[in-house]
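Understanding the architecture of this molecule
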Amino acid sequence: MFRWGILSTAKIAREQLIPAIVDADNGVLAAIASRDKKKAYALAQRFGAHHAFGSYEEMLASEAIDGVYIPLPTSQHVEWTEKAIKAGKHVLVEKPLALDAKDIGKLIKLRDRHKVLVCEAFMVTYHPQWLKVRDLVQSGAIGTLKYVQGAFTYFNTDPGNMRNILELGGGALPDIGVYPTVSTRFVTGKEPKRVQATIERDKKFKTDIYSTIRANFGDFELSFYLSTQLAARQLMVFHGDKGFIEVHGPFNAGLYDHHRVSLHNREHTEETLFRFPGAAQYRLQVEAFARAARGGKDPVFTLENSVKNQKVIDAIFRAGDSGGWEKV
């Protein structure tokens, strides 16, 4: 069994990743670390972990774990991923891994030197609904792909939330802009050549709170909008000359909608519905990661892939500043 350590008691760890690890068939929750040992102990007791540490360094030095999940604020991801690698631990780090693609290069070198697995936690790439969308698009079910449309919004004006704190890596693009980009790249196997964007920032927080983006992939286009201050919505549509695909609840299936994908024909007279009841993307992610860390052949989200996705986000920020097209 793969022995997991959790670096902090963050909400996403409590609500998503720790329950997924507990449910997984090839891993166990071995340890929780927090700068407040009482919090670490309480969470360890709640989920049955045998170890609670009062510092991150103490857990990384422990022989009780094989790998860590890092759900710290975005601005700390690279720092603690580097420390975990140097400690010889496998690392699953919450997205976005970095705030600049250039910062990922040194992690690749460290990963190779220490021979550990390091992955950015894009759970959507393990969900069967996205595997189905990829198969449908690449098999020609909608003909020639011409246009991809997306949206991801929610409403959060809490000044204490890290998503609204610029110094911690807050903002819509780092938090949710990564999803339309990564899912389109995952489905098509292609990379955008250039991007255009308009970006609005909160006057108080200084974080990006609304943006519209166009990404040109050469033979098709992706356009999407994001916001951290609009009513909650998720949307992804892949449109071809023979039909189109709707991905329902594309990034949080089960919360925004049921786990399903709709395939529509050209005339809009037929719809084929694919359902994936009970699919647990976080559990699928941690199980695939644990198998890969043990030498298995499961496909995982590599650091090389992380560099490519972050380059898109970096280019979007540049486009927002320049007002024109920016190369990726």
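These numbers were taken from a predicted model, which means no experiment stands behind them.

Cut-offs and rules
Residues numbered from 1 in each chain as written. Predicted model: local features only at pLDDT ≥ 70, side-chain atom pairs only at ≥ 80, totals over all residues. Heavy atoms only, no water. Helix = DSSP H or I, 4+ residues; strand = E, 2+ residues; numbered from the N terminus. Rg over C-alpha atoms; globule rule 2.2 N^0.38 Å. Buried < 20%, exposed > 50% of the residue type's maximum accessible area, 1.4 Å probe, protein only. Contact = heavy atoms within 4.5 Å. Areas by Shrake-Rupley, 256 points an atom, 1.4 Å probe, with all protein chains shown as cover. Lys, Arg positive; Asp, Glu negative; His and termini not counted. Charge placed at Lys NZ, Arg CZ, Asp CG, Glu CD. Pairing = 2+ DSSP bridges. Axes fitted to C-alpha atoms, helices over the stretch in contact; angles between N-to-C directions.

We now examine the overall build of the protein. Within the protein, the secondary structure is distributed over nine helices and 15 strands. By the compact-globule yardstick of 20 Å for 328 residues, the protein fits well, its C-alpha radius of gyration being 20 Å. Overall size of the protein, expressed as C-alpha extent along the three principal axes, is 60 × 45 × 40 Å. Counting all 328 residues of the protein, 56% fall into the buried class. Sequence separation of at least 24 residues holds for 67% of the intrachain contacts in the protein that already meet a minimum separation of 6. Within the structure as shown, the protein displays about 14500 Å² of accessible surface, and the carbon and sulfur contribution to it stands at 50%. Considering the protein, the positive charge centre built from 44 side chains and the negative charge centre built from 37 side chains are found 3 Å apart.

This next bit is on the sheet that holds strand 4 (residues 67-70). Two pairing modes exist for strands in a sheet, parallel and antiparallel, and in both the strands are linked by backbone hydrogen bonds. Read across the sheet, six strands follow the order 3-2-1-4-5-6 without closing on themselves; strand pairing throughout is parallel. Looking along the sheet, the strands with just one partner apiece sit at the ends: strand 3 (51-53) and strand 6 (118-120). Taking each pair of neighbouring strands and ignoring which way they run, the sheet shows an average axis angle of 25°. Pairing between strand 1 (residues 2-7) and strand 2 (residues 27-33): six bridges, direction parallel. Within the sheet, the bridge partner assigned to Arg3 lies in strand 2 and is Val28. Contacting strand 1, strand 5 (90-93) and strand 6, helix 8 (residues 281-293) crosses the sheet at an angle of about 155° to strand 5.

As a further point, take the sheet that holds strand 13 (residues 260-265). Read from one edge of the open sheet, nine strands run 14-13-12-11-7-10-9-8-15, paired in mixed fashion. Two strands lie at the open edges of the sheet, namely strand 14 (271-275) and strand 15 (326-327), each paired on one side alone. Here strand 13 runs beside strand 14; their pairing, made up of five bridges, is antiparallel. The partner of Arg260 across the bridge, within strand 14, is Arg275. Sitting on the sheet, helix 6 (residues 128-138) touches strand 7 (145-155), strand 11 (229-240), strand 12 (243-248), strand 13 and strand 14, and the angle it makes with strand 12 is about 170°. Packing against the sheet, helix 9 (residues 303-322) makes contact with strand 8 (194-201), strand 9 (208-216), strand 10 (221-227) and strand 15, and its axis sits at approximately 65° to strand 8.

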